[in-house]
Amino acid sequence: MSQVNAVNVEISVLLGRSILPMQQLLRMGRGAVIPLDAKTNDEVWILANNHPIARGEIQISDDRIAIQVTRAADVYDYMAGGV
């Protein structure tokens, strides 16, 4: 079991997605805003090593941001772009 405890897993949170033409992406500079397909109360995707494992909600307290896990991920929704 000690070998399992030594494995690092990268956790990331996907807030939303956007499709942009390459020309627009190349013109972006500091301060550019990328619109996402997500709304304020939408669930986010929680990824472990880029694989969907759960859905969650954003929690903000003072100056800290956290994610509360709400349910297991449906991989088929993720692959279909169901953000």
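The shown structure was predicted, so the numbers you read here are calculated from the model rather than taken from an experiment.

## Quick notes on the pattern of salt bridges
Consideration 1: One pass over the structure, following the stated rule, counts 1 salt bridge.
Consideration 2: Residues glutamate 43 and arginine 71 are paired through a salt bridge, measuring 2.7 Å at the closest nitrogen-oxygen approach. Of this pair, glutamate 43 sits in the loop between α2 (22-27) and β2 (44-48) while arginine 71 sits in strand β4 (residues 64-72), placing them 28 residues apart in sequence.

## Things to note about a nonpolar patch on the surface
Consideration 1: On the surface, Val13, Leu15, Ile34, Leu36, Ile58, Ile60 and Ile65 cluster together into a nonpolar patch covering about 660 Å² of accessible area.
Consideration 2: Of note, leucine 15 is situated in the loop between β1 (11-14) and α2.
Consideration 3: You can call leucine 15 partly exposed: its relative accessible area is 44%.

## Some details on the sheet that holds β1
Consideration 1: In space, the 4 strands of this open sheet follow the order β1-β2-β3-β4, with antiparallel pairing throughout. Two strands bound the open sheet, and with one partner strand each, they are β1 and β4. Averaged over all pairs of adjacent strands, the angle between strand axes in this sheet comes to 40°, irrespective of strand direction.
Consideration 2: Sheet topology note: the strand β3 (residues 51-61)/β4 ladder contains 8 bridges and is antiparallel.

## Things to note about the environment of serine 12
Consideration 1: With respect to the helices and strands, the residue serine 12 is situated in strand β1.
Consideration 2: Separated by 35 residues in sequence, serine 12 and leucine 47 place their C-alpha atoms 5.2 Å apart.
Consideration 3: The residues touching serine 12, leaving out its near neighbours within four places in the chain, are Trp45, Ile46, Leu47 and Asn50.

## Quick word on the UniProt feature "domain: Flagellar motor switch protein FliN-like C-terminal" (unreviewed entry) in the chain
Consideration 1: In the numbering used here, UniProt assigns the feature "domain: Flagellar motor switch protein FliN-like C-terminal" (unreviewed entry) to residues 3-72.
Consideration 2: Helix makes up 13% of residues 3-72 and strand 41%, whereas the separation of the span's terminal C-alpha atoms amounts to 26 Å.

## A look at the packing of aromatic side chains
Consideration 1: Enumeration according to the criterion identifies 1 aromatic pair in this entry.
Consideration 2: Across from the ring centre of tyrosine 78, 4.7 Å away, lies the NZ or CZ of arginine 17, which sits over that ring.
Consideration 3: One cation-aromatic arrangement involves arginine 55 over tryptophan 45; the distance from NZ or CZ to the ring centre is 3.9 Å.

Rules behind the numbers
- Residues numbered from 1 in each chain as written.
- Predicted model: local features only at pLDDT ≥ 70, side-chain atom pairs only at ≥ 80, totals over all residues.
- Heavy atoms only, no water.
- Salt bridge = Lys/Arg side-chain N within 4 Å of Asp/Glu carboxyl O.
- Helix = DSSP H or I, 4+ residues; strand = E, 2+ residues; numbered from the N terminus.
- Patch = residues over 30% accessible without salt bridge, like charges linked within 9 Å, V, L, I, M, F, W, Y side chains within 5 Å.
- Areas by Shrake-Rupley, 256 points an atom, 1.4 Å probe, with all protein chains shown as cover.
- Buried < 20%, exposed > 50% of the residue type's maximum accessible area, 1.4 Å probe, protein only.
- Pairing = 2+ DSSP bridges.
- Axes fitted to C-alpha atoms, helices over the stretch in contact; angles between N-to-C directions.
- Contact = heavy atoms within 4.5 Å.
- UniProt positions renumbered as here; feature names shortened; annotations may be inferred.
- Phe/Tyr/Trp six-rings, centres within 6.5 Å; stacked < 30°, edge-to-face > 60°.
- Lys NZ or Arg CZ within 6 Å of the ring centre and 35° of its normal.

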